[in-house]
Structures are given as structure tokens and as C-alpha cells.
Amino acid sequence: MPFFGFIATPRAHVEATTVMMRRGVRYALVGLGLLIMLAGVPLAVLPGHVGVLLMAIGLVIVLRNSFSARRHFIRAQRRHPKIVFPIRRLIRREPEVLPVAWQQSLRFERWVLPRRMRFMAKARRSIFRRKRR
């Protein structure tokens, strides 16, 4: 009886189907994460910054399910660490939301307002001076 190589068994068919279903679920989750991130973009500029949290949630979903997205994220982290570091702090298991929001608002204030009009750092210093007394 000649040997014709691999003979398909019912188990091999089930394994192939399982692999295809896992791959389809991963693609669906990546698509869902991208949709959540896109929904967060217009909401990020509104007061309350709910969109930033939505974008972080979408980014977590995409990074957990896409190897190429992880590779691009790590490359961006190496090229632009000041931009990516706050994002990394938001996508941790226990995110530091308030410190990140404060730091980003200070950075935004420094970027937009002239030096004489900045008020957030001065307000923080005056609050902490009152606490010490």
C-alpha cells in the first residue's frame, strides 16, 4: 500500500476551523478597537475628555489582538517617548488617570498660552502652600 503523505482526518479539519475562527475573532476585535478609537477622537476635544478614555480602551483592545499594531506602538514609543508615555500610563491595568490628565493640561497650557497668562501651575503652588501652613 503506497504512502500518499498527509491524510486528512476529521480532527485536522476541526483544528483548521478553530484556527480560522480564532483569527476571525481577532480581526473582529481589532476592528472593534479601531471603531472605539475613532469614536473617541471627536469626544476628546469636548469638556470632560471622555474621548481620551475611549481611545485608551480602544488602543488596549487593538494592542492585545494585533501583533503588527504592537510592533508599531513600540516603534513609536522609541521614537517619541514624550508623546507615548502618557498613553502607556493610561493603558496599564491600574491607570493613573488624574496625574496624566493634570500633566497633559499643564503641557497644553504651556503650548497654547503665553507665560504671563498661565494659571494652573501657580494655582497648584498656592494650594500646596496653604496646606503646609
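The structure under discussion appears in the preceding block.
These numbers were taken from a predicted model, which means no experiment stands behind them.

Asks: Which parts of the structure should I look at to understand the pattern of salt bridges?
Replies: Pairing between side chains of opposite charge can happen when the charged atoms of each approach one another. Tallied over the full model, the rule gives 2 salt bridges. Across the pair Arg 89 and Glu 96 runs a salt bridge, and its minimum N-O distance is 2.6 Å. Among the residues examined, Glu 96 registers a relative accessible area of 29% and is labelled partly exposed. In this structure, the salt-bridge partner of Arg 92 is Glu 96, at a minimum N-O distance of 3.5 Å. Members of the salt-bridge network, linked through shared partners, are Arg 89, Arg 92 and Glu 96.

Asks: Looking at this structure, I do not really get a positive patch on the surface. What am I missing?
Replies: A surface patch of like charges, here positive, comprises Lys 122, Arg 124, Arg 125 and Arg 129. Checked against the element boundaries, Lys 122 lands in helix 6 (residues 120-132).

Cut-offs and rules
- Residues numbered from 1 in each chain as written.
- Predicted model: local features only at pLDDT ≥ 70, side-chain atom pairs only at ≥ 80, totals over all residues.
- Heavy atoms only, no water.
- Salt bridge = Lys/Arg side-chain N within 4 Å of Asp/Glu carboxyl O.
- Buried < 20%, exposed > 50% of the residue type's maximum accessible area, 1.4 Å probe, protein only.
- Patch = residues over 30% accessible without salt bridge, like charges linked within 9 Å, V, L, I, M, F, W, Y side chains within 5 Å.
- Areas by Shrake-Rupley, 256 points an atom, 1.4 Å probe, with all protein chains shown as cover.
- Lys, Arg positive; Asp, Glu negative; His and termini not counted.
- Charge placed at Lys NZ, Arg CZ, Asp CG, Glu CD.
- Helix = DSSP H or I, 4+ residues; strand = E, 2+ residues; numbered from the N terminus.

Fair warning: the whole summary comes from geometry, so function is off the table for now.
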